[in-house]
2 protein chains.
Amino acid sequence: MTEAPAPRRRGRPRDADLEDRVFDAVLEVYSETSWRGFTLDAVGRRARVGRAALYRRWSSKDDLLVQALEARSPLPVPIDTGALRSDLVELARQLLRGYRTTPGLVSLRVALDARANPELLARLIHTLNRSRVLAARTIVHRAVERGELPADTSATLLLEMVTGTVLSHALFALATPDQNVDDDYAELVVDATIRALRRPES
Amino acid sequence: MTEAPAPRRRGRPRDADLEDRVFDAVLEVYSETSWRGFTLDAVGRRARVGRAALYRRWSSKDDLLVQALEARSPLPVPIDTGALRSDLVELARQLLRGYRTTPGLVSLRVALDARANPELLARLIHTLNRSRVLAARTIVHRAVERGELPADTSATLLLEMVTGTVLSHALFALATPDQNVDDDYAELVVDATIRALRRPES
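These figures come from a predicted structure and were not determined experimentally.

Undergrad: I tried to follow the nonpolar core on my own but got confused; where do I start?
TA: Buried together is how nonpolar side chains tend to be arranged in soluble globular proteins. Core analysis: the biggest nonpolar cluster contains 135 residues, and Val22(A) and Val22(B) have the highest contact counts within it. The contact partners of Val22(A), leaving out residues within four places of it in the chain, are Val43(A), Ala47(A), Val49(A), Leu54(A), Trp58(A) and Leu64(A).

Undergrad: How should the packing of aromatic side chains be read in this particular structure?
TA: Pairs of aromatic rings are described using the distance from one ring centre to the other and the angle between the two planes. Within this structure, the stated rule accounts for 6 aromatic pairs over all chains. Aromatic pair Trp35(B) and Phe38(B): ring centres 6.4 Å apart, planes at 35°, arrangement tilted. Members of the aromatic cluster, connected to one another through ring pairs, are Tyr30(A), Trp35(A) and Phe38(A). Sitting over the ring of Phe172(B), Arg132(A) keeps its end group 4.4 Å from the ring centre. Against the face of Trp35(B) rests Lys61(B), its NZ or CZ located 4.2 Å from the ring centre.

Undergrad: Where do I start with the environment of Arg109(B) in this structure?
TA: Mapped onto the elements, Arg109(B) comes out in helix H6 (residues 102–113). Each C-alpha atom, one on Arg109(B) and one on Tyr30(B), is 8.3 Å from the other, the two residues being 79 residues apart in sequence. With residues up to four places along the chain from it excluded, the contact list for Arg109(B) reads Ser34(A), Leu112(A), Asp113(A), Tyr30(B), Ser31(B) and Thr33(B). Side chain to side chain, Arg109(B) and Asp113(A) meet in a polar contact 2.3 Å long.

Undergrad: In this structure, what is going on with the packing of helix H5 (residues 84–99) of chain A against helix H7 (residues 118–145) of chain A? I would like to understand it.
TA: Two measures define how a pair of helices packs: the angle their axes make with one another and the distance between the axes. All names here are of chain A. Contact pair H5 / H7: the axes reach a minimum separation of 10 Å and the direction vectors enclose 165°. Classed by the angle they form, the pair H5 and H7 counts as roughly antiparallel. As H5 runs across H7, the sense of the crossing is left-handed. For the pair H5 and H7, contact is made by Leu84, Asp87, Leu88, Leu91, Leu95 and Tyr99 and by Arg132, Ala135, Ile139, Arg142 and Ala143, respectively. The residue makeup of the contact of H5 with H7, split by class, is 8 nonpolar, no polar and 3 charged.

Undergrad: Is there a simple way to explain the packing of H6(B) against helix H7 (residues 118–145) of chain B in this structure?
TA: All names here are of chain B. The interhelical angle for the contact between H6 and H7, taken along N-to-C directions, is 145°, at an axis separation of 9 Å. Where H6 crosses over H7, the two elements pack in a sense that is left-handed. Between H6 and H7, the contacting residues are Ser107, Val110 and Ala111 on the first element and Leu120, Leu124 and Leu128 on the second. Looking at the contact of H6 with H7 residue by residue, the class counts come to 5 nonpolar, 1 polar and no charged.

Undergrad: So what exactly am I meant to see when it comes to the UniProt feature "DNA-binding region" (unreviewed entry) in chain A here?
TA: The feature "DNA-binding region" (unreviewed entry), as given by UniProt, occupies residues 39–58 of chain A in the numbering adopted here. The straight-line gap between the two end C-alpha atoms of residues 39–58 of chain A is 12 Å; of that span, 75% is helix and 0% is strand.

Undergrad: How should the interface of chain A and chain B be read in this particular structure?
TA: Bring the parts together and some accessible area is lost; that lost area is often taken as the interface size. Each side of the interface is counted separately: chain A has 44 residues, and chain B has 44 residues. Remark: the boundary between chain A and chain B carries 4 salt bridges. Across the salt bridge formed by Glu32(B) and Arg36(A), the nearest N and O atoms sit 3.5 Å from each other. Taken together, the links from chain A to chain B amount to 15 residue pairs in polar contact (both at pLDDT 80 or more). At 12 residues, helix H8 (residues 155–172) of chain A tops the list of elements feeding residues into the side of chain A that touches chain B. Broken down by class, the residue content of the side of chain A that touches chain B amounts to 22 nonpolar, 10 polar and 12 charged.

Undergrad: Help me out: how do you make sense of the side chain of Asp63(B) in this one?
TA: Residue and element names in this part refer to chain B. Mapped onto the fold, aspartate 63 is located in helix H4 (residues 61–72). Look at aspartate 63 and you get buried, because its relative accessible area is 18%. Among all residues touching aspartate 63, those that are not within four sequence positions of it are Trp58 and Arg123.

Undergrad: It is not clear to me how the relation of the copies chain A and chain B should be interpreted in this structure. Could you clarify?
TA: Look at the two chain copies: a rotation about an axis and a shift along it is all it takes to match them. Least-squares fitting of chain A to chain B yields an RMSD of 0.1 Å, with the superposition described by an axial translation of 0.0 Å and a rotation of 180°. Here the copies are linked by what is in effect a two-fold axis. Interface overlap between copies is the fraction of interface residues in one copy that are interface residues in the other; for chain A against chain B it reaches 100%, indicating a shared surface.

Undergrad: Even after reading the chapter, I still don't get the environment of Arg36(A), so can you show me in this structure?
TA: Counting through the fold element by element, Arg36(A) comes out in the loop between helix H1 (13–32) and helix H2 (40–47). Judged by its relative accessible area of 57%, Arg36(A) falls in the exposed class. With 77 residues separating them along the chain, Arg36(A) and Asp113(A) place their C-alpha atoms 9.0 Å apart. The contacts of Arg36(A), once residues within four sequence positions are left out, are Lys61(A) and Glu32(B). Of the polar contacts made by the side chain of Arg36(A), one reaches the side chain of Glu32(B); its length is 3.5 Å.

Undergrad: Help me understand helix H4 (residues 61–72) of chain A in this model?
TA: Each full turn of the α-helix corresponds to 3.6 residues, which orients residues three or four apart in the same direction. Here H4(A) spans 16 Å end to end across 12 residues, near enough to the 16 Å set by a 1.5 Å rise per residue. Every buried residue of H4(A) is accounted for by Asp62(A), Asp63(A), Leu64(A), Leu65(A), Val66(A), Ala68(A) and Leu69(A).

Undergrad: Explain the pattern of salt bridges to me, please; I cannot follow it from the model alone.
TA: Pairing between side chains of opposite charge can happen when the charged atoms of each approach one another. Following the criterion strictly, the structure yields 38 salt bridges over all chains and no others. Between Asp24(B) and Arg72(B) there is a salt bridge, with its nearest N and O atoms 2.5 Å apart. Here Asp24(B), found in helix H1 (residues 13–32), pairs with Arg72(B), found in helix H4; they are 48 residues apart in sequence, far enough to count as distant. Asp24(B) sits in the partly exposed class, given a relative accessible area of 39%. The salt bridge involving Glu187(B) is made with Arg85(B); its shortest N-O contact spans 2.8 Å. Highlighted residues: Glu187(B) in helix H9 (residues 179–197) and Arg85(B) in helix H5 (residues 84–99), separated in sequence by 102 residues. On the basis of relative accessibility, which here comes to 25%, the residue Glu187(B) falls in the partly exposed class. Residues joined in a network through salt bridges with shared partners are Arg85(A), Arg93(A), Arg97(A), Asp183(A), Glu187(A) and Asp191(A).

Thresholds applied
- Residues numbered from 1 in each chain as written.
- Chains lettered and ligands numbered in written order.
- Predicted model: local features only at pLDDT ≥ 70, side-chain atom pairs only at ≥ 80, totals over all residues.
- Heavy atoms only, no water.
- Core = buried A, V, L, I, M, F, W, Y, C linked by side-chain atoms within 4.5 Å.
- Buried < 20%, exposed > 50% of the residue type's maximum accessible area, 1.4 Å probe, protein only.
- Contact = heavy atoms within 4.5 Å.
- Phe/Tyr/Trp six-rings, centres within 6.5 Å; stacked < 30°, edge-to-face > 60°.
- Lys NZ or Arg CZ within 6 Å of the ring centre and 35° of its normal.
- Helix = DSSP H or I, 4+ residues; strand = E, 2+ residues; numbered from the N terminus.
- Polar contact = N/O pair within 3.5 Å; in protein donor to acceptor, adjacent residues only side chain to side chain.
- Axes fitted to C-alpha atoms, helices over the stretch in contact; angles between N-to-C directions.
- Parallel < 35°, antiparallel > 145°, perpendicular 65-115°, else oblique.
- Left-handed = near helix turned anticlockwise from the far one by under 90°.
- Nonpolar A, V, L, I, M, F, W, Y, C, P; charged D, E, K, R; others polar.
- UniProt positions renumbered as here; feature names shortened; annotations may be inferred.
- Salt bridge = Lys/Arg side-chain N within 4 Å of Asp/Glu carboxyl O.
- Least-squares fit on C-alpha atoms with pLDDT ≥ 70 in both.
- Expected span 1.5 Å × (residues − 1).

This is the structure in C-alpha cells:
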C-alpha cells in the first residue's frame with residue numbers, strides 16, 4: 001500500500017456537506033432500485049440538491065455511483081499484524097463486516113447490474129476491487145518472505161476464497177448477524193484457507 | 001401468507017405454455033428492476049397474460065418469484081461420480097455455470113433484496129439453497145465413508161467455500177467468461193477446498 005488514506009472531504013465545508021448528503025442518497029436510492037431506477041434526478045430529489053448543483057459536480061451516473069461507493073465502502077485498510085493468520089483474520093472480518101452494511105450490499109448490487117454494463121464493470125473492478133487485490137497481494141508477499149506460504153501462492157485465489165466464503169455466508173446463512181459469531185467464522189474461514197494454500201502433500 | 005398453495009396445473013399444454021411465458025417474464029422483469037419494480041402487473045404485461053389468469057394461478061409476488069426461480073435455476077442435480085474430487089468438480093462447475101446465467105444472477109439479486117424482507121429470505125433459503133445443502137451433505141457423507149475426509153467435516157463450510165469462491169470469481173473477475181477456463185478454475189477451487197478440509201497437520 002503506497003497511498004495514505006485520502007482525506008475524503010475535499011474543499012469547502014459546504015461542498016463536503018453536499019457531498020455527504022448526495023452519497024447517502026446514492027446508497028439509499030440504489031439499494032431500493034437497480035441501475036435502471038438510479039438516476040441523477042432521483043438522487044437530487046432524495047438529497048434535496050438542485051439539478052444544477054448536481055450536474056455541475058458529477059457528469060454521469062457512473063461517476064456519481066463509483067465515487068459514492070469509493071467514499072463509503074468499508075474497504076480493507078492496510079493490514080500488517082506481523083503474521084499471516086492474524087492478517088487474514090483481520091481481512092476476513094473487515095470483508096464480512098462490509099457485507100453486513102448498506103454500502104457493501106449496494107456494491108454487490110452494482111456488481112450484478114454491471115454484468116450487463118461492461119464499462120461500469122471495468123470501473124468497479126478497477127476501483128472497488130483494486131484495494132482488496134492490493135491488500136491480498138501484500139499479505140501474501142510478506143507471508144512468502146516469512147516462509148509461511150509457498151512462493152507461488154496465488155493472491156487472487158486466496159482473495160476469492162476469503163471474499164467468496166464470507167460473501168456466501170453473509171448472503172445465504174439465515175441466522176441473524178452477530179458480531180462475535182461473525183468474528184469466529186472469519187477465523188474458521190482463514191484456517192481453512194491457509195490449509196488450502198499450503199503445498200499439496202501429494 | 002395464509003392462502004393454500006394454488007393447485008399446480010401441469011398437465012394441459014396450454015397452461016404449461018402460459019407458465020413458461022410467465023416464468024421467462026419474471027426473470028426478465030426482475031433482472032431489470034429490483035423487488036420494488038417487480039409486480040404481478042409488470043410480469044403480466046411482459047408475458048402478455050391477463051391479470052385474471054395471473055392472479056388465478058399465483059397469489060403473491062413471493063409465490064411467483066420463488067416458483068420461477070425453482071423452475072429455472074440451474075440447481076445441482078444429484079452428483080455421484082464415485083470419488084470426492086470429481087463430485088466436487090462437478091458441483092463447482094454446475095454452480096459456476098449457474099452464476100453465468102440469468103436465473104443465477106436473478107437469484108443473487110433476490111438474495112440481496114431479501115436482506116430487507118425476512119419472509120422472502122426464509123423462503124429463498126428453504127427452497128433454492130436447500131438443494132445445494134443436500135448435495136453438499138451427500139457428497140461429504142460418501143467421502144467420509146470412503147475415508148477421503150475426516151468424519152467431522154463441515155458440509156456447510158465446504159459448500160460456502162465452493163459456492164463463495166466461484167461466486168466471487170463470477171462477480172469480480174473481469175475476463176469474458178469461457179467455458180473451458182471456468183471448468184479449469186472449478187478444479188483449482190476444488191483442489192484448494194479439499195486441502196482446506198483435510199485435518200490440519202498442527
